[in-house]
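Structural overview for review
Take a look at the letters that make up each chain.
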Amino acid sequence: MIALEKSHTKKMNLKITVLVFIFAITLTEAYKSYENYKVYKIVPKTTEHVQVLTDLPKEEYYFWSDIVKIDSDVRILVSPNKNTEFVKYMASVKIEPVLAISNVQELIRAQMQPSHTTKSSKLGSFSWDQYHNLDEIHTWLNELEKMYPDIVTAITIGRSNEGRNITGVIIDFKAGARGNNSLTGMIEGGIHAREWISPATVTWIIKEFLTSKDPDVRFMAETFVWHIFPVINPDGYSYTFTDNRMWRKNRNLLYNPNCTGNWDLGNGIDLNRNFDFLWNTIGASSNPCDETYAGPSPASEPETKAIVDYVLKLKEAGNLMYYLAFHSYSQMILIPYSHLSGTNVLDLPNYGDLYEISIRGAEKLKQKYGTEYEVGTSADILYPVTGASFDWVKGIGNATIVYLFELRDKGEYGFLLPSSQIIPNNEEIMECLVEMDKGARKLGYYSGTSNLYASLLSLVFSVGFLTICQ
Ligand SMILES: [Zn+2]
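Residues numbered from 1 in each chain as written. Predicted model: local features only at pLDDT ≥ 70, side-chain atom pairs only at ≥ 80, totals over all residues. Heavy atoms only, no water.

**A word on the side chain of Ser 300**
Turning to its location among the elements, Ser 300 is positioned in the loop between helix H8 (234-242) and helix H9 (302-317). Residue Ser 300 is classed as buried on the basis of its relative accessible area of 16%. A polar atom in the side chain of Ser 300 sits 2.8 Å from the side chain of Glu 301. Not counting residues within four places of it along the chain, the set of residues in contact with Ser 300 comprises Asn 274, Gly 295 and Lys 305. (Helix = DSSP H or I, 4+ residues; strand = E, 2+ residues; numbered from the N terminus. Buried < 20%, exposed > 50% of the residue type's maximum accessible area, 1.4 Å probe, protein only. Polar contact = N/O pair within 3.5 Å; in protein donor to acceptor, adjacent residues only side chain to side chain. Contact = heavy atoms within 4.5 Å.)

**Some points on helix H10 (residues 351-369)**
In this model, H10 (19 residues) spans 28 Å end to end at C-alpha, consistent with the 27 Å of a helix rising 1.5 Å per residue. Every buried residue of H10 is listed here: Tyr 351, Leu 354, Ile 357, Ser 358, Gly 361, Ala 362 and Leu 365. Down the axis of H10, the sector holding all buried residues measures 135°, keeping them to one side. The inward-facing, buried residues of H10 contact strand S12 (332-335), strand S13 (374-377), strand S14 (401-407) and helix H13 (422-442). One or two positions beyond H10, positive phi appears at Gly 370, with a value near 80°. (Expected span 1.5 Å × (residues − 1). Arc of directions from axis to C-beta.)

**Section: the nonpolar core**
Ile 171, Phe 209, Tyr 323, Phe 326, Tyr 403 and Phe 405 are the most contacted members of the largest nonpolar core, which totals 102 residues. With nine residues, the top contributor of residues to this core is H13. If sequence neighbours within four positions are ignored, Tyr 403 has contacts with Tyr 323, Leu 324, Ala 325, Ile 333, Leu 334, Ile 335, Asp 353, Leu 354, Ile 357, Ser 358, Phe 390 and Met 436. Core analysis: the second largest hydrophobic core is formed by 19 residues, Val 104, Ala 193, Met 246 and Tyr 329 among them. (Core = buried A, V, L, I, M, F, W, Y, C linked by side-chain atoms within 4.5 Å.)

**A closer look at the sheet that holds strand S2 (residues 61-63)**
The four strands lie next to each other as S2-S3-S1-S4, forming an open sheet whose pairing is antiparallel. In this open sheet, the two strands that pair with only one neighbour each are S2 and strand S4 (98-101). Geometrically, the sheet is characterised by an average inter-axis angle of 35° between neighbouring strands, direction not taken into account. In terms of strand pairing, S2 meets strand S3 (residues 74-78) through three bridges, oriented antiparallel. Looking across to S3, one finds that Tyr 62 is bridged to Leu 77. (Pairing = 2+ DSSP bridges. Axes fitted to C-alpha atoms, helices over the stretch in contact; angles between N-to-C directions.)

**What about the packing of aromatic side chains?**
Here the structure, examined in full by the defined rule, presents 28 aromatic pairs. Ring centres of Phe 126 and Trp 140 lie 4.4 Å apart, and the angle between their planes is 25°; on these two criteria the pair is classed as stacked. One end of the pair, Phe 126, is in strand S6 (residues 126-127); the other, Trp 140, is in helix H5 (residues 134-147), with 14 residues separating them in the sequence. Comparing Phe 126 with Trp 140 shows no difference in burial state: the two are buried. Plain terms: the ring middles of Phe 224 and Trp 226 are 5.3 Å apart, the flat faces sit at 45° to each other, and that makes the pair tilted. In this structure Phe 224 comes out as buried when scored by relative accessible area, which is 0%. These aromatic residues form a ring-pair network of at least three members: Phe 209, Phe 219, Phe 224, Trp 226, Tyr 322 and Tyr 446. Taking NZ or CZ as reference, Lys 207 lies 3.4 Å from the ring centre of Trp 204, over its face. Above the plane of the ring of Tyr 239 lies Arg 251, whose end atom (NZ or CZ) is 3.5 Å from the centre. (Phe/Tyr/Trp six-rings, centres within 6.5 Å; stacked < 30°, edge-to-face > 60°. Lys NZ or Arg CZ within 6 Å of the ring centre and 35° of its normal.)

**Examining the pairing of S3**
Judged by how many residues are buried, S3 sits mostly within the fold: five of five residues are covered. Neither face of S3 is open: one carries Val 74, Ile 76 and Val 78, the other Arg 75 and Leu 77, and all of them are buried.

**What to know about the pairing of S14**
Counting buried positions along S14 yields seven of seven residues, so the element is predominantly enclosed. Burial of S14 is two-sided: the residues Ile 401, Tyr 403, Phe 405 and Leu 407 facing one way and the residues Val 402, Leu 404 and Glu 406 facing the other way are all buried. Examined bridge by bridge, strand S11 (residues 320-328) and S14 share seven bridges and lie parallel to one another. When the bridges of S14 are listed, Leu 324 appears paired with Tyr 403.

**Regarding the packing of H10 against H13**
Two elements in contact, H10 and H13, have axes separated by 8 Å at closest approach and are oriented at 145°. Here H10 runs over H13; the crossing is right-handed. Here H10 contributes Ile 357, Ser 358, Arg 360, Gly 361, Ala 362, Lys 364, Leu 365, Lys 368 and Tyr 369 to the contact with H13, which in turn contributes Pro 424, Glu 427, Glu 428, Ile 429, Glu 431, Cys 432, Glu 435, Met 436, Lys 438, Gly 439, Ala 440 and Lys 442. Its residues assigned to classes, the contact of H10 with H13 comprises nine nonpolar, three polar and nine charged. (Left-handed = near helix turned anticlockwise from the far one by under 90°. Nonpolar A, V, L, I, M, F, W, Y, C, P; charged D, E, K, R; others polar.)

**Some details on the coordination of the zinc ion**
Looking at the zinc ion, one finds its protein donor set to be His 192 (ND1), Glu 195 (OE), Glu 195 (OE) and His 327 (ND1), positioned 2.1 to 2.3 Å from the metal centre. The coordination sphere of the zinc ion comprises four donor atoms, whose angles at the metal cover 58 to 152°; the geometry is irregular. Of note, the donors binding the zinc ion are all from one chain and are spaced H-x2-E-x131-H. Linking Glu 195 in the loop between strand S9 (184-188) and helix H6 (197-211) with His 327 in strand S11, this pair joins segments that are 132 residues apart in sequence. (Donors = N, O, S within 2.8 Å, 3.2 Å for Na, K, Ca; no water. Tetrahedral: all angles 85-135°; square planar, octahedral: opposite > 155°, others 65-115°.)

**Observations concerning the sheet that holds S11**
The strand order across the open sheet built from eight strands is S7-S8-S10-S9-S11-S14-S12-S13, with neighbouring strands paired in mixed fashion. Both outer strands of the open sheet, strand S7 (152-159) and S13, are each paired with one neighbouring strand and no more. Neighbour-to-neighbour, the strand axes of this sheet turn through a mean angle of 20°, independent of strand direction. The pairing of S9 with strand S10 (residues 225-229) spans five bridges and is parallel. Considered in S10, the bridge of Met 186 is made with His 227. Seen against the sheet, H6 touches S7, strand S8 (165-171), S9, S10, S11 and S14 and runs at an angle of roughly 140° to S11.

Just geometry here; none of it tells us what the structure is for.
Here it is, written out as structure tokens:
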């Protein structure tokens with residue numbers, strides 16, 4: 001009997017071991033490995049260089065940059081089996097690529113780990129010394145509602161292609177005490193799946209609005225009703241954790257299931273080209289296999305529709321003052337409209353103000369850690385684009401102050417920004433936002449009394465202090 005039991009237990013153990021092994025293999029197979037993949041940096045100096053790079057077969061060399069032009073920093077991901085060929089070919093056409101990342105998978109592994117160098121910062125179950133997956137973000141948003149029942153409402157504004165929730169929070173410090181015409185702001189993150197620093201920044205802004213004691217942050221947080229959505233492409237974002245770290249688009253594979261190529265990065269729709277504002281006119285593609293595929297028609301995607309319907313509701317309610325979209329990488333504050341350059345930027349009536357406000361923000365941002373951000377329209381400082389969410393929100397949603405942030409860095413790590421940079425990135429962005437808000441008030445976009453209030457407070461304190469001294 002005992003011998004029988006032993007043999008049974010042995011068999012069970014073997015079964016469990018085999019199951020665990022199969023599970024491990026399945027996981028490993030599902031997750032695309034970038035072991036020994038390299039990233040090269042090239043700055044093309046001539047039109048010939050640009051032509052050589054443009055002609056490289058995209059199914060073999062994966063460009064992190066959407067566009068190649070003279071003097072722009074181009075990052076190219078190269079697989080181990082193409083490396084020697086790539087280096088030889090570049091030498092033959094007199095281009096000297098600089099090895100920027102020697103093993104992409106090593107950075108992916110590092111990104112999954114919490115940073116040990118940054119100070120810790122927590123709110124509830126959430127911290128910013130590490131990147132969080134979709135479930136953790138959603139759990140936290142719901143947790144906030146319980147932590148701040150009078151201030152925070154968790155809200156789901158739609159579902160993705162694969163049925164995931166598009167969830168955010170409404171933050172209202174004066175719920176029920178505002179008139180009909182309350183000032184509103186909306187923040188969007190994670191439209192591009194692989195740009196992990198975007199949700200990490202947007203969640204930080206939520207934390208600051210709820211907990212900061214800085215009077216200017218408090219003023220910004222409490223003057224507006226904020227509608228904040230950290231991940232508006234939940235399928236894509238999840239996919240970067242489970243299958244392929246380099247995924248950018250949504251996960252609608254309907255329009256061409258056969259374009260996986262060497263990278264398994266085809267299919268899907270670029271949500272930030274899917275909006276109905278000069279849709280698919282420039283800087284977008286009609287090819288479902290391209291990274292900038294605009295989709296079969298404007299606002300074809302449920303993720304896009306969710307944003308569109310929500311913004312239209314806010315527009316109808318009036319006073320949609322802010323709309324901020326967060327992306328990475330390249331350290332820029334982009335002003336609408338993304339297809340306008342040169343003097344044409346003035347087609348946007350308040351371009352001058354938006355420029356002034358963002359320059360002020362960028363200067364303040366630099367003071368924190370020396371990080372430099374460029375300011376301008378995408379066509380002026382990056383490349384012309386149409387169908388982007390923030391352009392649509394400006395043009396059709398009529399929001400007053402609209403920006404797209406391209407967060408850290410300038411390509412050193414690119415999408416694989418180490419977790420040790422999350423908090424410094426977030427801190428400098430928060431300084432920037434507060435400064436921009438002050439700029440907006442100075443230009444008369446809305447009236448505010450935070451500085452006056454702060455001055456009065458300090459006067460009261462000084463008088464009190466003097467009284468004690470006497
Ligand atoms: Zn992006």
